[in-house]
Amino acid sequence: MSETVVKISNLVKRYKELIALDNFSLEIKKGEIFGLLGPNGSGKTTTINCLLSLLKYDKGEVQLFGEKMGPNRRDLKKRIGVVCQNVAVFDELTVYENIDYFCGLYIRDKKTRRQYVEDAIKFVDLNDFRKFYPKKLSGGLLRRLNIACGIAHKPDLIILDEPTVAVDPQSRNKILEGVIELNKNGATIIYTSHYMEEIEQICSKILIMDKGKEVASGTSEELKGKIKNTENVIVDIRKLPAEHIEAIKKLNHVYDVQYMSDKLTIKCNGGKHNITHVIEYLSENNVNYERIYSELPTLNDVFLEITGKELRDKD
Amino acid sequence: MQIFKTFFKVMKQYKISLSIYTAIIIFMLLMMTTGQKPDEEVTLNKYTILVVDNDNSEVSKELVKFLDSKHNLKEGTYSDEQIKDMLYYLTIREYIEIPEGFGENFTKLTEASDESIADSLLETTYDDSMPYAIFINMQINQYLNSVKDYMKSGVSLTDASSKCIDTMDTSKFVEMQKQEAVTSEKIYSTFQYLPFGIMTIIFSGVLPVVMSFNESEKKNRTIISSYKMTSRNISLVLGCATISALVTVILDIIASYRNNGPLLFTTPWYLSIANTFIYTLSITMLLSMITSLPLGVAKKGSANPNSYITCILGLSFSFLGGTFVDLSLLGDKVAKVGQFTPNYWYSVGLKQIWYEGATFNDVVGNFGMQLLFGLVCLSIGLVFTRFFGDNKA
Amino acid sequence: MFGRICIADLKKLIRSKTYMIWTFAFPLVLGTLFYFAFSTIYSSQKSETIPVVIEVTDGAINEYKTLEAFSNLDKDKISEDFEEYYTEKATAEAMGETFNKEEPLSEEVVDNIEAVKNYEDMKDFNLDLFPYEYLKCDRSQVDNISAADLPFIKVIEDLKYDEGTKMVKQVQVSSHEEAENLLSDGDIAGIITVDSMTDIHLLVNGNGVKHSILSTIISEYKLEVGKAIDTINNDNSNLEKSDEIMDESTESIDFIEAKKMAGENKDPFVSYFYNLIAMVAIMGAMASLSLIVNSQANQSDTGIRIDCSPTVKLIHELAQLTAVVILQTVIILFTLTYLIYILKINFGGDISYIYLTTFLASLVGDTLGFMIAHFGKLSGDKKEAILMVIMLGGGFLSGLMYGDMKMIVEQKAPWFNRINPSAVITDAFYSLNVFGVGPRYYRAIMYILITSGIMLLIGCLLSRRSSYKSL
């Protein structure tokens, strides 16, 4: 059984009357890429800050590597790397100097540090930019520098707090690949985001939280298995009469039908050939449609079903 | 009106800083009025001197009485160190020690013809190169010589002393060229320091707000919107002017409140108030020039240029323009450079108002020069905006 | 690690254009300004010659002419001539001859001369009736008497300061209106009108020391002349030597032994330069403040990184402070060198001690910023505002803007001068100038070190982790 790297037990954090964390608990095993998912204001960053002892909490306990975490636990801090949501680098230092500076806060030995810095630069592919100042870097490159500063010292636990915000798709993919590679090299990762696609893509275990509480946790499949919805059949139809909606509702394994903006969404629970049944019905009833496809439920569906609201705010 | 209203909303973020600066300036103004000597009618200079009478004879007492009639005698006992401090910082201009035996020796002098007794009868400590010290010593020598001569011709000490004091009464033969304007050193000095206060508060409080509006991304949002840039700039200027005017009103009240009585709501007072507002206007226009410069908004954690600008410009203008040190002391070279600051014209105008009984017509030239300075700054600011704006495009 | 953090922060400071430009520009600009403003005041006030216009009326000249005439009147000759006249007349009458010779002097003239019993009588004498033929000297000596010959004018011309500079200078004008204009413009200090030997008036346009000196000169002259006239009036025979008596009357005794005031440089305006150094030193607080604030988790993102690291926070901050101390020392010593060697400002005292004092002064500023940076959860802007208050307010109370303020504070609240960083620094320089290296100076240095030490200690004590987020 793999060792527990992070254990948060019944954490409570209040800001005056607002409860930011309400008896929140989680456990992360070694080698996991743990996704912390939740809408804005759910308590993700508060959890991270309490975990890092940047914030005092009102109740509960935080354990890292089997020991109680505190502001003065430098031995534990040595093993943690943090990549903040905002780019936290010094404008007056070059790329190399920034990474060296932050790595130097963890690694004292000059030779080791130099090697680590080189490894970090190589890892984030910033070799061509080592003498550049942050002002001269694009958003994506800055994010990579931000990551490099957080992981250069090769920590055992890496916390990435929404590292892909405002980043182009190419850089995002690179970041995600990098995270996976770090995990392969032995680091346990805590990855917070409100982009469920990323979480689904890389995380081995996911915890969905809302209003300071755990909503659901498990692997992606486990979470999807918790909900009624096993399949969504989506049909693009213009002007569908209401009687057909009622009729489709009565089909096998269909428990909910919605028709909005020329899109018919049929939620199914169970069944293997739901899309075939729908096609049959439409053909039999001469209903013209443009497109039909099937989707597996997403984490958003999980969240929606459990909480009744979307993971991400509607645009 | 949108930007004008937003200006004050943004200002709220800086309200604490603004309040702190305003408080310190008000404190300085109040301290200034506390430090002022009470108004006296003086036709000629009276200095503060320290006299220590170790003799306590009739002669020494008469001498002290004479010195008291001519100058302000400092009371108290002080150590050597304290006396040195007082002399250095001009709290006293001269330290006179009347040694034991002074009266006896002086009396001998009136009887004998041997004048060598007179040598070193009195010990004084002063800056020997400064004219006021020479003046005080001249008075002492004059008095003692005359008393000696009168006593030699048979007049008693008291009569001789009275005669000398009477003869040395300058009001009998000295006249002032002009009728001195009814004035107060206190109110003049307080108004004199206002420019520094106005400039410091406006620069430290208003400048960051304008710089924030001029931050490139925020500015670009306005440029691409349907809101006219001219309207935006006018709104910002109006916002600056409103705050500046408010600051000036507060400082004028502080400057005036301690000076009750006949001087308030008189022509000089109204002119002084007008002078401060004209100055404020020219400083506001200077502000617009500075905000056009590519100084950059202070980033979090980096050195803040606002503080440096406030300090350097505030102190430089104040020294050059006679705010801290009277213009007459500064010399011609400095006056020539100082003429390029609004502080100089403010100071000149203020002096004319309070010491020369100037009317509006007399000081309108000074007002005009301040406004001219402001307009020049405004023009330079517009050129900068054009130049840097075009380059960016 | 300490060294590395220190070097990294030095790089940050040096590469910050805003910081470097302003920190160097500020003292150089202000120092140069002070130099042009104040460097000549003291020397110009020293032994300044006072320009005046002296208007001598005809009455005064006539009075002196009369004085000179009577002083040179050969009464013996008159007596002889009259004696001879009367003898000849008696002889002629005795011999019954016609005696047509005129009297040496008319009766009127004789009566007028005999009527002069005192100085006032002599003053009112009509010179047209004077018997010039009985002058001991040439008539032209009396007729050519001009304003320049008057004793008062000679006194004015002879007056000098100790080092030989003339005290008063006469300015020539063509009319009284011109003189009045010069006076109102401030080109002359006064108009002296000499109506008679005793009747002298002074018209001034202010009440400065120059005007006071002029009035003192006139009152002394009047005193002396008064005494001389008393002497003349006491004995009729003194009328004949009235000019000698007048000349003698201008001598007097000096009763005063002068002790020079302490201070290698007595120019009180040098205190502005002390305040400038104090201000530069205090400005170092801006650097330490911004560096420390930037490494606080509740103020910046880099602060979060640093806070999460295993570095001992205090050591990290002390390393940053060291970087500031190094850079600020360079800046302030550069400023001092500029003031001393380029602008040639005399700070008063041994140069090596001046440099030492300056270095210690910079510590005050650096530790001040260090302390303020730890003032609770206030934002960086507010902390900076507090710093500006201390800088401007402290500077003001130590005499930067109003010269007498430091002494006023010393009288009313001397404890404040011990804790005001600006006052503590200026006091050290002042002590070095006036008292030299001695107990007073050491005491001032001790205050500097104590102030720095206390601020450092407070900063260290306040340097602790705390919750930073608030919604």
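This text follows the structure it describes.
Residues numbered from 1 in each chain as written. Chains lettered and ligands numbered in written order. Predicted model: local features only at pLDDT ≥ 70, side-chain atom pairs only at ≥ 80, totals over all residues.

K.L.:
Explain the interface of chain A and chain C to me, using residue names and the numbers behind them.
P.N.:
With 28 residues of chain A in contact, the opposing surface of chain C contributes 24 residues. Sort the elements by how many residues they give to the side of chain A that touches chain C and helix α3 (residues 95-104) of chain A lands first, with four residues. By residue class, the composition of the side of chain A that touches chain C is 18 nonpolar, three polar and seven charged. (Contact = placed C-beta atoms within 7 Å. Helix = DSSP H or I, 4+ residues; strand = E, 2+ residues; numbered from the N terminus. Nonpolar A, V, L, I, M, F, W, Y, C, P; charged D, E, K, R; others polar.)

K.L.:
Before we move on, can you summarise the sheet that holds strand β5 (residues 174-176) of chain B with the specific residues and values?
P.N.:
Strands sit in the order β5(B)-β4(C)-β3(C)-β1(C)-β2(C) across an open sheet of five strands; the sheet is mixed. Both outer strands of the open sheet, β5 of chain B together with β2 (168-170) of chain C, are each paired with one neighbouring strand and no more. Strand-to-strand twist in this sheet, taken as the mean axis angle between neighbours without regard to direction, amounts to 30°. Here strand β1 (residues 50-56) of chain C pairs with β2(C) via three bridges, running parallel. When the bridges of β2(C) are listed, P51(C) appears paired with K169(C). Packing of helix α11 (residues 209-234) of chain C onto the sheet brings it into contact with β5 of chain B together with β1, β3 (190-194) and β4 (200-204) of chain C, and relative to β4(C) it is tilted by some 175°. (Pairing = 2+ DSSP bridges. Axes fitted to C-alpha atoms, helices over the stretch in contact; angles between N-to-C directions.)

K.L.:
Quick one: what's the story with helix α14 (residues 301-308) of chain C, residue by residue and with numbers?
P.N.:
With seven of eight residues buried, α14(C) lies mostly within the body of the structure. If you check which residues of α14(C) are buried, you get T302(C), G303(C), I304(C), R305(C), I306(C), D307(C) and C308(C). Tucked into the core, α14(C) has its buried residues touching α2 (74-77), β6 (80-83), α3 and α5 (139-151) of chain A together with α13 (270-294) and α15 (313-342) of chain C. (Buried ≥ 20, exposed ≤ 12 C-beta atoms within 10 Å, placed from the backbone.)

K.L.:
Describe the packing of helix α16 (residues 351-372) of chain C against helix α20 (residues 421-434) of chain C, naming the residues involved and giving the relevant values.
P.N.:
Packed helices, taken two at a time, are described by their axes: the angle between them and the distance between them. Residues and elements named next belong to chain C. Remark: α16 packs on α20, axes separated minimally by 10 Å, with the N-to-C direction vectors making an angle of 175°. Comparing their axes, α20 and α16 come out roughly antiparallel. Facing α16, whose interface residues are Y353, I354, T357, A361, V364 and L368, α20 presents P421, V424, I425, A428, F429 and L432. Split into classes, the residues belonging to the contact of α16 with α20 amount to 11 nonpolar, one polar and no charged. (Parallel < 35°, antiparallel > 145°, perpendicular 65-115°, else oblique.)

K.L.:
Lay out the packing of helix α3 (residues 58-70) of chain B against helix α7 (residues 157-167) of chain B with the relevant residues and their values.
P.N.:
All names here are of chain B. Where α3 contacts α7, the two axes come as close as 11 Å, and the packing angle between them is 15°. Considering their axes alone, α3 and α7 lie roughly parallel with respect to each other. For α3 against α7, the interelement crossing comes out right-handed. Each of E58, V59, E62, F66 and S69 in α3 lies in contact with α7, whose residues at this interface are L157, S161 and I165. Taken together, the residues of the contact of α3 with α7 break down into four nonpolar, two polar and two charged. (Left-handed = near helix turned anticlockwise from the far one by under 90°.)

K.L.:
Any chance you could break down unusual backbone geometry for me, citing the residues and the numbers?
P.N.:
Residue and element names in this part refer to chain A. Even without being a glycine, E162 presents a positive backbone phi close to 50°. With respect to the helices, strands and loops of the structure, E162 is situated in the loop between β7 (157-161) and α6 (169-184). The exposure class assigned to E162 is partly exposed, which follows from the 19 C-beta atoms found within 10 Å. Backbone geometry at D262 places phi at a positive 60°, although glycine is not the residue there. Turning to its location among the elements, D262 is positioned in the loop between β12 (254-260) and β13 (263-268). Look at D262 and you get partly exposed, because 13 C-beta atoms sit within 10 Å.

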